[in-house]
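Coordinate analysis (summary)
Read off the chains here:
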Amino acid sequence: MGTGDGQMRGAGRELGPGFGVGEGYAWYRGVSPGGSVHRHAAFQLVLAPRGEAALAGADGRVVRGAALLVPPMTAHRMLSAGDLLTVFVEPHSALADRLRGRCGSGSGIVAVPELRRLDEAELGRAAALPSTGLDPRLLAAGALLEGRAGEEEPVPMELVAARVGLSPQRLRALARQQLGMPLARRRIWLKLRRSAEALGEGRSPVEAAAAGGFADQAHLTRRMREMIGMTPAAVLRVMQVSSASAAGAPGDVHRNGPGDG
């Protein structure tokens, strides 16, 4: 499902601010004012249409490049920059398989200049397909976590493990080994995706929190800031500016642009 202006159109073009959620990925296009150290349960691609993007690791080391890749659960922070395209890729997808092959042995931030001109159609196809590199039992466990908020109670992890034929301990170990994070983080990411979809449909932050299964708007805000470095209010501002730009009205996204922390 697409949200925001629904069109990413390619990393090499400067098209103004936007935010959206597709099958297996989410994206934000706009200015980066910088932010604090955080980590999230997805691969992060940061693409610069012009010049370079800059990310700092937890140790303060700065990596610069036209295209940068951050593996899941890697502590980092954005540095101030002009317009960037940031793409969050869910780790169970075929696109994530491609990104895993580009991560260094240290699992830190890496420059991937060959991905600078990543085509939107190519990205969407690869993100929507399931991984062929992950253990099928791990994919099945992830699918069990996909139940829509409000339709049923979350499946307990013990039951998830039993349904895929693993002990809870083995499932946890498999998730850490192949995904680089516990499945509990995957569950939070899925909740955030539902909330982001609701925001993209024009619903309020309170309604978006309920759609994702969060206790309240404050809970959603904390988790969204922690996991993707944006707040619901910032997402709405981006979409409002995007809509105003599409209608020919002026907007100042640089004054209110969301940070990555």
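Scope of this entry: the structure provided in the associated data block. (Residues numbered from 1 in each chain as written. Predicted model: local features only at pLDDT ≥ 70, side-chain atom pairs only at ≥ 80, totals over all residues. Heavy atoms only, no water.)

1. Looking at the pattern of salt bridges
- Counting across every chain of the model gives nine salt bridges.
- Measuring nitrogen to oxygen at the nearest pair gives 2.5 Å for the salt bridge that ties glutamate 122 to arginine 98. Here arginine 98 lies in helix H1 (residues 94-100) and glutamate 122 lies in helix H2 (residues 120-128), a separation of 24 residues in the sequence.
- One salt bridge in this structure joins arginine 185 and glutamate 226, with 2.9 Å as the shortest N-O distance. Of the two residues, arginine 185 sits in helix H6 (residues 183-200) while glutamate 226 sits in helix H8 (residues 217-228), which places them 41 residues apart along the sequence.
- Accessibility expressed as a relative area gives 13% for arginine 185, which makes it buried.
- With relative accessibility at 29%, the residue glutamate 226 sits in the partly exposed group.
- Connected through salt bridges with shared partners, the residues Glu90, Arg186 and Arg193 form a single ionic network. (Salt bridge = Lys/Arg side-chain N within 4 Å of Asp/Glu carboxyl O. Helix = DSSP H or I, 4+ residues; strand = E, 2+ residues; numbered from the N terminus. Buried < 20%, exposed > 50% of the residue type's maximum accessible area, 1.4 Å probe, protein only.)

2. Here's the deal with the environment of leucine 138
- Within the secondary structure, leucine 138 sits in helix H3 (residues 136-144).
- According to the relative accessible area criterion, leucine 138 is buried, its value standing at 4%.
- As a C-alpha pair, leucine 138 and valine 164 span 26 residues in sequence and 7.9 Å in three-dimensional space.
- If near-sequence neighbours (up to four positions away) are discounted, leucine 138 is found in contact with Leu171, Leu174, Ala175, Gln178, Leu179 and Leu183. (Contact = heavy atoms within 4.5 Å.)

3. A word on empty space enclosed by the protein
- Applying the stated criterion across every chain, the model contains three cavities of 30 Å³ or more.
- Approximately 90 Å³ is the volume found for the largest cavity.
- The set of elements that each furnish at least two residues to the lining of the largest cavity consists of strand S1 (18-22), strand S2 (25-32), H6 and H8.
- Looking at the lining of the largest cavity, the element that brings in the most residues is H6, giving four residues.
- Partitioning the lining of the largest cavity into residue classes produces ten nonpolar, no polar and two charged. (1 Å grid on protein atoms, 1.4 Å probe; cavity = no way out; pocket = protein on both sides within 12 Å on 5 of 7 lines; lining within 4 Å. Points joined across faces, edges and corners; volume = space filled by probe spheres on them. Nonpolar A, V, L, I, M, F, W, Y, C, P; charged D, E, K, R; others polar.)

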